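Breakdown of the fold
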Amino acid sequence: MESRLREIREAKGWSQGELARKLGVSRQTINAVETDKYDPSLPLALRMSKLFGMPVSDIFIDHWQPQEDAE
C-alpha cells in the first residue's frame, strides 16, 4: 500500500507531531505510516479521512488486484 500522508500533511503545513496530536497517536506512528513501514488500523485511517476531509482511498493507494480464477 502506498501512503500519500506526508504530501497531504505538508500541504496543511502540519508537522508530524502536530498531526499525531490531532489524531491521538505518537509522532513515530505518523513517521512509520509516511515511510510505508506501517499500515494504519482501520479506525486510524478513518480518523485521517475525517480530519483531511477526503476518502481513505485518496490517502492510501492499494495497488492490489484480484487474480482471475483459473478454470
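Residues numbered from 1 in each chain as written. Predicted model: local features only at pLDDT ≥ 70, side-chain atom pairs only at ≥ 80, totals over all residues. Heavy atoms only, no water.

1. Some details on the packing of aromatic side chains
- Inspection of the entire model under this criterion finds 1 aromatic pair.
- The lysine or arginine in question, lysine 22, covers the ring of tryptophan 14, its NZ or CZ lying 4.6 Å from the ring centre. (Phe/Tyr/Trp six-rings, centres within 6.5 Å; stacked < 30°, edge-to-face > 60°. Lys NZ or Arg CZ within 6 Å of the ring centre and 35° of its normal.)

2. A short note on the nonpolar core
- One finds Leu5, Leu19, Ile30, Met48 and Phe52 to be the most contacted residues of the largest nonpolar core, which totals 14 residues.
- For this core, the elements supplying multiple residues, two or more each, are α1 (5–12), α2 (16–23), α3 (27–34) and α4 (42–52).
- A per-element tally of this core places α4 first, with 4 residues.
- In contact with methionine 48, not counting residues within four places along its chain, are Leu5, Leu23, Ile30, Ile59 and Phe60. (Core = buried A, V, L, I, M, F, W, Y, C linked by side-chain atoms within 4.5 Å. Buried < 20%, exposed > 50% of the residue type's maximum accessible area, 1.4 Å probe, protein only. Helix = DSSP H or I, 4+ residues; strand = E, 2+ residues; numbered from the N terminus. Contact = heavy atoms within 4.5 Å.)

3. Notes on α3
- Listing the buried residues of α3 in full gives Ile30, Ala32, Val33 and Glu34.
- Contacts made by the buried residues of α3 are with β1 (2–3), α1, α2, α4 and β2 (60–61).
- A positive backbone phi angle near 60 degrees is found at aspartate 36, which sits one or two residues after α3.

4. Observations regarding empty space enclosed by the protein
- Inspection of every chain in the model, using the stated rule, returns 1 cavity of 30 Å³ or more.
- Lining the largest cavity are Met1, Glu2, Ser3, Val33, Asp36, Tyr38, Asp39, Pro40 and Phe60.
- The class makeup of the residues in the lining of the largest cavity is 5 nonpolar, 1 polar and 3 charged. (1 Å grid on protein atoms, 1.4 Å probe; cavity = no way out; pocket = protein on both sides within 12 Å on 5 of 7 lines; lining within 4 Å. Points joined across faces, edges and corners; volume = space filled by probe spheres on them. Nonpolar A, V, L, I, M, F, W, Y, C, P; charged D, E, K, R; others polar.)

5. A few points about the pattern of salt bridges
- By the definition in use, this model includes 4 salt bridges.
- For arginine 6, the salt bridge is made with glutamate 34, and the minimal N-O distance between the two is 3.4 Å. Here arginine 6, found in helix α1, pairs with glutamate 34, found in helix α3; they are 28 residues apart in sequence, far enough to count as distant.
- Across the pair arginine 9 and glutamate 34 runs a salt bridge, and its minimum N-O distance is 2.5 Å. Residue arginine 9 is located in helix α1, and its partner glutamate 34 is located in helix α3; the two are separated by 25 residues in the primary sequence. (Salt bridge = Lys/Arg side-chain N within 4 Å of Asp/Glu carboxyl O.)

6. Overview of a negative patch on the surface
- There is a patch of like negative charges on the surface, built from Glu2, Asp36, Asp39 and Asp62.
- Looking at where glutamate 2 falls in the secondary structure, it is placed in strand β1. (Patch = residues over 30% accessible without salt bridge, like charges linked within 9 Å, V, L, I, M, F, W, Y side chains within 5 Å. Areas by Shrake-Rupley, 256 points an atom, 1.4 Å probe, with all protein chains shown as cover. Lys, Arg positive; Asp, Glu negative; His and termini not counted. Charge placed at Lys NZ, Arg CZ, Asp CG, Glu CD.)

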